[in-house]
Protein chains: 2
Amino acid sequence: MKLAVVGAGVVGQSVAELAGEYGHTVTAVADSSSAVADADGIDVDALLDRKREEGRVGSEAPDAALDAEYDALVEASPTTLGDAQPGFGHVRAALERDRHVVLANKGPVAERYDDVRELEAESAGSVRFEATVGGAIPVLSTVEDFGPGNITAARGVLNGTANFVLSRMAAEGLGYEHVLAEAQDMGVAEADPAFDVEGTDAALKCVILANVLAQGERTYRLEDAEVEGITDVPGSALELAGADGRTVRLVGEVSGDTVRVGPRLVPDGSSLAVAGTTNIVQLETERAGRLNLSGRGAGGPETATAVLSDVGRLPER
Amino acid sequence: MKLAVVGAGVVGQSVAELAGEYGHTVTAVADSSSAVADADGIDVDALLDRKREEGRVGSEAPDAALDAEYDALVEASPTTLGDAQPGFGHVRAALERDRHVVLANKGPVAERYDDVRELEAESAGSVRFEATVGGAIPVLSTVEDFGPGNITAARGVLNGTANFVLSRMAAEGLGYEHVLAEAQDMGVAEADPAFDVEGTDAALKCVILANVLAQGERTYRLEDAEVEGITDVPGSALELAGADGRTVRLVGEVSGDTVRVGPRLVPDGSSLAVAGTTNIVQLETERAGRLNLSGRGAGGPETATAVLSDVGRLPER
């Protein structure tokens, strides 16, 4: 397939870099200020060099990517809340051209899920978004194969930054501020870590999962989730938990009508007590008990594999 | 889709029972001595009663199922080795009619993988076999979505009976014979448990996985696997391991050209130290590190969900 990639951060660049290995051709890439397009396939190496050295991917206007020749648009621009723009607009542009959309950007399917599905229904294109929940872990594909109606509940540890901070606090007996600074130095936490440590990122993923499980019965948005982050978890809480053979993890849960994220006590060594930046999702199924899926929840190449798996599952137009 | 189910043991009966929930119609069921067929859909409840009370599913000859009206044949007869008959013959019959095949029977894809793929290539029907590896755990779908070429190795604990026996030996400090007898009483081990405790069942699953990962480069059969079971693991080995924070699990590994099953020391609390009859598969990926998938590896409803997920992934004929 021919792919137009909107967003040239870590994920967008990884998708452009790996697309060829999956048999696809990148015909356009856009960042916030520019674009490059070539119906026969762009020079990806040149693009990556140019982005690194000049801070932009090309010399055309960004919208040139939306107008380019492509079969599927990969939306990998930064997640935005509320109206989910400009990402939502890119989804609309692709579907109105009867093209497919593969999302890594959580905004459109967390904040405007019903709008996205409505546009999809009127289009010959399909929308997929595996990369928005759990990075490389095939959560949504598994839900899709099982049948969303056969999943009675889901829970998970879905934010690697928060998980890393809690793991380190417990392992080293250090305080939150100290470990957060350490995580920022290591590149595991952003300069502005709020999205991760306040639970917003995990909540968006749970909202997306809730939307998929609801199968159109109702639509969730971030504001429907009860969210508590890890900023108030004291080192002493972890010590106390440790003495009792437990630890603390930022756990997201989707069950019934509830979407909730918050710190939870989990037994040491249990499935949810994942270490470092590993993510895990537990699906409770109607007939087959509990299914655990764990792996790397974030990272350029990791998220790109989810995007490219999705491209592989798109129907031929 | 219309389904013909060949094999009316635990798995076949579960598939017949659950097919309606997934939107499919069962138009034929066969056991080893009889069949029942109805192009508009058989009475599944009546069939289950008849099987339970009379030991047979219908009053027609078994081959009536192969001749019935159906879109996909579900092959759920007992796994046989070598020529994999009569299961292989059922696969051939369906493909020669340009119908799909969904296998729960491991024989054809463990012992005659190239023959199956050849028949599939000449047919309008497709062959899927998720249920043959890891029961309800979506191993093969995940490999398919990732791209088999992107999986560099796989390992797993794939036999619940062996796992249960080893878990109990370690937990209770009891000997193998004692725990095996217990497992047989509980229905976790068969009256003739050889297939499970000698590692054959786990090896067949690993051979199937190796065939999928090899993508046609070479074909593996059971005889290509190095197989050691748990019959010689003494209680003392588990005690010694326990004192060192480890335990023993029957681990299957597929990497490079090697397919191997045998008892391995694994750290207590690690991913491979699954408890009871839980199965786990670890996939090492090219770009996304290690992916862990765990859940119920066996059981009627569990395996039936894998079969029905496969039916959902079949292309329209």
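(A) Highlighting the domain arrangement of chain A. Residue and element names in this part refer to chain A. According to the domain assignment, chain A consists of domain 1 (2-135 + 300-313) and domain 2 (140-296). A C-alpha centroid distance of 26 Å is found between domain 1 and domain 2. At the junction of the two partners, domain 1 supplies 18 residues and domain 2 supplies 20 residues. Of the roughly 1,800 Å² buried between domain 1 and domain 2 on both sides combined, carbon and sulfur atoms contribute 58%. For the domain 1 face of the interface with domain 2, the top three residues by lost area are Y113, V133 and R313, together amounting to 28%. Counting across the interface, domain 1 meets domain 2 through six salt bridges.

(B) Region of the structure containing the relation of the copies chain A and chain B. Superposition record for chain A on chain B: RMSD 0.0 Å, screw rotation 180°, translation along axis 0.0 Å. Such a combination of turn and shift is consistent with a two-fold rotation axis. Judged by C-alpha distance, A:L293 is the residue of chain A that lies nearest the rotation axis, at 2.4 Å. A share of 100% of the interface residues of chain A reappears at the interface of chain B, consistent with the copies meeting face to face through the same patch.

(C) Quick look at the pairing of strand β11 (residues 278-285) of chain B. Residue and element names in this part refer to chain B. Burial within β11 is extensive, with seven of its eight residues counted as buried. Bridge count for strand β7 (residues 151-157) against β11 is six bridges, and the pairing is antiparallel. The partner of A153 across the bridge, within β11, is E284. Examined bridge by bridge, β11 and strand β12 (residues 290-296) share seven bridges and lie antiparallel to one another. Its bridge partner being in β12, N279 is matched across the sheet by G295.

(D) Broad picture of the interface of chain A and chain B. On the chain B side, the residues contacting the 27 residues of chain A number 27 residues. For the chain A and chain B pair, buried surface summed over both sides reaches about 2,300 Å², with 51% attributable to carbon and sulfur atoms. Applying the counting rule to chain A against chain B returns four salt bridges. Within the residue set of the side of chain A that touches chain B, elements represented by two or more residues are α7 (139-146), β12 (290-296) and α13 (300-312) of chain A. Tallying contributions element by element places β12(A) first for the side of chain A that touches chain B, with seven residues.

(E) Main features of the sheet that holds strand β10 (residues 258-267) of chain A. With mixed pairing, the twelve strands of this open sheet are ordered in space as β8(A)-β10(A)-β9(A)-β7(A)-β11(A)-β12(A)-β12(B)-β11(B)-β7(B)-β9(B)-β10(B)-β8(B). For this open sheet the edge positions go to β8 (226-227) of chain A together with β8 (226-227) of chain B, each flanked by a neighbour on one side alone. The strands touched by helix α8 (residues 160-172) of chain B within the sheet are β7, β9 (246-255) and β11 of chain B, with β9(B) carrying the most contacts at an inclination of about 155°.

(F) Expanded view of the pattern of salt bridges. For the coordinates displayed, the defined rule picks out 46 salt bridges over all chains. A salt bridge links A:E21 to B:R287; the nearest nitrogen and oxygen atoms lie 2.5 Å apart. Taken as a pair, A:E21 in the loop between α1 (10-18) and β2 (25-30) and B:R287 in the loop between β11 and β12 lie in two separate chains rather than in one. Taking relative accessible area as the criterion, B:R287 reaches 31% and is therefore assigned partly exposed. Taking the shortest distance from any N to any O, the salt bridge between A:D201 and A:K106 comes out at 3.7 Å. Taken as a pair, A:D201 in helix α11 (residues 200-214) and A:K106 in the loop between β5 (100-103) and α5 (107-111) lie far apart in primary sequence, 95 residues in all. Considered together, A:D201 and A:K106 belong to a single accessibility category, that of buried residues. Beyond isolated ion pairs, a larger network of salt bridges with shared partners links A:R128, A:E144, A:D145, A:D310, A:R313, B:R128, B:E144, B:D145, B:D310 and B:R313.

(G) The arrangement of the packing of α8(B) against helix α9 (residues 176-186) of chain B in detail. Residue and element names in this part refer to chain B. Packing of α8 against α9 brings their axes to within 9 Å, and their N-to-C directions diverge by 125°. Judged by the inter-axis angle, α8 sits oblique to α9. Handedness of the crossing formed by α8 with α9: right-handed. Of the residues in α9, those in contact with F164, V165, R168 and M169 of α8 are Y176, V179, L180, E182, A183 and M186. The class makeup of the residues in the contact of α8 with α9 is eight nonpolar, no polar and two charged.

(H) Quick peek at the side chain of B:T285. Residues and elements named next belong to chain B. Mapping T285 onto the fold places it in strand β11. Classification of T285 as buried rests on a relative accessible area of 9%. Ignoring any residue separated from it by four or fewer positions in sequence, one finds T285 in contact with F146, N150, I151 and T152.

Rules used throughout
- Residues numbered from 1 in each chain as written.
- Chains lettered and ligands numbered in written order.
- Predicted model: local features only at pLDDT ≥ 70, side-chain atom pairs only at ≥ 80, totals over all residues.
- Heavy atoms only, no water.
- Domains from an automatic or database assignment.
- Contact = heavy atoms within 4.5 Å.
- Buried area = accessible area lost by both parts, 1.4 Å probe.
- Salt bridge = Lys/Arg side-chain N within 4 Å of Asp/Glu carboxyl O.
- Least-squares fit on C-alpha atoms with pLDDT ≥ 70 in both.
- Buried < 20%, exposed > 50% of the residue type's maximum accessible area, 1.4 Å probe, protein only.
- Helix = DSSP H or I, 4+ residues; strand = E, 2+ residues; numbered from the N terminus.
- Pairing = 2+ DSSP bridges.
- Axes fitted to C-alpha atoms, helices over the stretch in contact; angles between N-to-C directions.
- Parallel < 35°, antiparallel > 145°, perpendicular 65-115°, else oblique.
- Left-handed = near helix turned anticlockwise from the far one by under 90°.
- Nonpolar A, V, L, I, M, F, W, Y, C, P; charged D, E, K, R; others polar.

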